[in-house]
Amino acid sequence: MFPRPLTPLAAPNGAEFLGRALRRALLGRARAGLVGPPLLLPSMLMFAVILASSGLLLMIERGILAEIKSLPPRPLSREGAAWRGTVPKPGGLPLNAGDSDLQVRQDVRNRTLRAVCGQPGMPRDPWDLPVGQRRTLLRHILVSDRYRFLYCYVPKVACSNWKRVLKVLAGVLDSVDVRLKMDHRSDLVFLADLRPEEIRYRLQHYFKFLFVRDPLERLLSAYRNKFGEIREYQQRYGAEIVRRYRAGAGPSPAGDDVTFPEFLRYLVDEDPERMNEHWMPVYHLCQPCAVHYDFVGSYERLEADANQVLEWVQAPPHVRFPARQAWYRPASPESLHYHLCSAPPALLQDVLPKYILDFSLFAYPLPNITRAACHQ
């Protein structure tokens with residue numbers, strides 16, 4: 001009934017090696033006397049395809065930019081092709097005819113996930129994970145038994161609206177448009193609430209999905225929201241960040257004026273596995289190698305992807321994904337470009353490896369922060 005889950009495929013480079021190689025490439029540039037920020041990396045498609053074919057590391061070190069031809073289609077199973085009578089597209093997903101951008105993006109993600117997750121030592125199952133990582137994963141997967149799906153929520157990727165949808169599907173809310181402050185725990189079922197045998201059954205038989213966002217845009221959104229609007233975060237995290245990274249801050253800063261570079265310095269010193277969920281890498285939140293997700297949606301095409309998922313799980317026709325509020329102003333590419341170009345290049349070079357799997361697995365481009373790009 002649902003798109004088939006991904007299956008592992010071996011590839012020559014390990015996931016942990018990506019971060020080490022990126023650091024080594026940057027150090028190599030420094031030793032060679034090359035100044036300035038990292039070299040210009042190619043478009044999203046080129047970046048992800050080269051990674052999936054094990055050429056990303058060579059490209060980073062040598063600055064190779066080459067044309068990448070369209071990906072050849074991958075055969076779809078008879079079961080998948082017949083599912084809902086839709087048009088089969090590359091990657092095994094039934095997509096709308098003519099949606100070539102989604103077709104290519106999904107195929108790139110599928111291939112890259114198979115390549116990275118097929119490495120020796122990568123988890124194949126949540127029980128392959130250390131206890132702490134498994135606990136984080138199970139606490140972020142929401143369950144709908146009525147509609148037989150699992151959703152791994154990622155903060156700052158419309159997860160509040162998805163939780164609202166789950167509450168409507170469960171009959172707790174009458175409509176996704178009800179104006180109530182979102183309670184992120186009550187009336188929701190998490191995999192962590194269930195027994196191991198119940199967890200295994202749902203992982204094997206339910207439709208599984210998550211939504212992702214450009215990693216740096218997600219960080220900027222978290223920074224603006226938590227340190228610009230939420231007093232609890234200003235007191236708990238902001239004050240500590242100012243004390244650590246601002247000369248002459250004093251013993252009791254308010255924490256309401258954290259700068260973006262200070263936030264990045266804090267991230268450099270944090271263990272990704274122990275970060276707050278709002279800036280923890282998606283890889284650590286949702287473990288896409290340990291859980292074989294059937295669909296990875298994009299924040300960039302949120303409404304279309306979300307409503308496609310609702311169709312797949314056979315939600316009632318009146319249940320739709322909430323429209324973005326008129327007052328909401330998401331972090332824009334222009335704002336992200338400004339903040340990245342205002343940050344010290346060496347600081348960005350230290351931050352990027354912590355999120356390299358989010359960039360590569362989900363086919364997002366590394367930022368272009370060359371001097372030329374930043375002065376346009």
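The following paragraphs examine the structure supplied in this document. Bear in mind that the values here come from a model prediction, so they are computed numbers and not experimental data.

**Some words on helix α6 (residues 131-139)**
All of the buried residues in α6 are Gln-133, Arg-134, Thr-136, Leu-137 and Leu-138. Where α6 is buried, its residues meet β1 (141-144), α8 (196-205) and α12 (282-286).

**Let's talk about helix α7 (residues 159-169)**
For α7, the tally of buried residues reaches 9 of 11 residues, placing the bulk of the element in the interior. Turning to α7, its buried residues are Cys-159, Trp-162, Lys-163, Arg-164, Val-165, Leu-166, Lys-167, Val-168 and Leu-169. For α7, the elements touching its buried residues are β1, β2 (149-152), β3 (207-212) and α13 (302-312). Gly-171, located one to two residues past α7, shows a positive phi value of around 85°.

**Examining the sheet that holds β1**
Pairing within the open sheet is mixed, and its 4 strands lie in the order β1-β2-β3-β4. The outermost strands of the open sheet, each flanked by one partner alone, are β1 and β4 (295-298). Strand-to-strand, the axes of this sheet are offset by a mean angle of 25°, without reference to chain direction. In this sheet, β2 lies alongside β1 in antiparallel orientation, the contact comprising 4 bridges. Across the sheet, the residue bridging to Ser-144 is Phe-149, located in β2. Where helix α5 (residues 100-117) meets the sheet, it contacts β3 and β4, and its direction lies at approximately 130° from that of β4. The strands touched by α7 are β1, β2 and β3; relative to β2, the strand with the most contacts, the crossing angle is about 155°.

**Quick look at the packing of helix α10 (residues 231-245) against helix α11 (residues 260-269)**
Running from N to C, α10 and α11 point in directions that differ by 90°, and their axes come no closer than 10 Å. The orientation of α10 relative to α11 falls into the category roughly perpendicular. The residues of α11 that touch α10, namely those facing Tyr-237, Ile-241, Val-242, Arg-244 and Tyr-245, are Glu-262, Phe-263, Arg-265, Tyr-266 and Asp-269.

**Here we look at the state of the cysteines**
This structure, assessed with the given rule, holds 3 disulfides. The partner cysteine of Cys-117 in its disulfide is Cys-289, sulfur to sulfur 2.0 Å. On the S-S bond that ties Cys-117 to Cys-289, the torsion sits near -75°, and the link is left-handed. Residue Cys-117 is found in helix α5, and its partner Cys-289 is found in the loop between α12 and β4; the two are separated by 172 residues along the sequence. Each sulfur of the disulfide joining Cys-152 and Cys-286 lies 2.0 Å from the other. Torsion about the S-S bond of the Cys-152 and Cys-286 cystine: about -95°, corresponding to left-handed handedness. Of this pair, Cys-152 sits in strand β2 while Cys-286 sits in helix α12, and the two are 134 residues apart along the sequence. Of the two residues, Cys-152 and Cys-286, both sit in the buried class. Sequential numbering of the bridged cysteines in the protein chain gives the disulfide pattern 1-4, 2-3, 5-6.

**A word on the packing of aromatic side chains**
For any pair of aromatic rings, geometry is given as the distance between the ring centres together with the angle between the planes. Under the criterion given, the structure shown has 24 aromatic pairs. For the ring pair Tyr-151 and Trp-162, a centre distance of 5.4 Å and an interplane angle of 40° mean the geometry is tilted. Remark: Trp-162 occurs in helix α7 and Tyr-151 occurs in strand β2; sequence separation between them is 11 residues. On the accessibility criterion, Tyr-151 (0% relative accessible area) is buried. Consider the rings of Tyr-153 and Phe-190, whose centres lie 6.4 Å apart with planes at 70°: the pair is edge-to-face. Here Tyr-153 is found in the loop between β2 and α7, whereas its partner Phe-190 is found in the loop between α7 and α8, with 37 residues between them in sequence. Across the pair, Phe-190 and Tyr-153 agree in class, each one buried. Members of the aromatic cluster, each reached through a chain of ring pairs, are Phe-149, Tyr-151, Trp-162, Phe-207, Phe-209, Phe-211, Phe-295, Trp-312 and Phe-321. A cation over an aromatic ring shows up here: Arg-213 above the ring of Tyr-299, its NZ or CZ 4.0 Å from the ring centre. Its guanidinium or amino end placed over the ring of Tyr-233, Lys-226 lies 4.9 Å from that ring's centre, counting from NZ or CZ.

What counts and how
- Residues numbered from 1 in each chain as written.
- Predicted model: local features only at pLDDT ≥ 70, side-chain atom pairs only at ≥ 80, totals over all residues.
- Heavy atoms only, no water.
- Buried < 20%, exposed > 50% of the residue type's maximum accessible area, 1.4 Å probe, protein only.
- Helix = DSSP H or I, 4+ residues; strand = E, 2+ residues; numbered from the N terminus.
- Contact = heavy atoms within 4.5 Å.
- Pairing = 2+ DSSP bridges.
- Axes fitted to C-alpha atoms, helices over the stretch in contact; angles between N-to-C directions.
- Parallel < 35°, antiparallel > 145°, perpendicular 65-115°, else oblique.
- Disulfide = S-S within 2.5 Å.
- Phe/Tyr/Trp six-rings, centres within 6.5 Å; stacked < 30°, edge-to-face > 60°.
- Lys NZ or Arg CZ within 6 Å of the ring centre and 35° of its normal.

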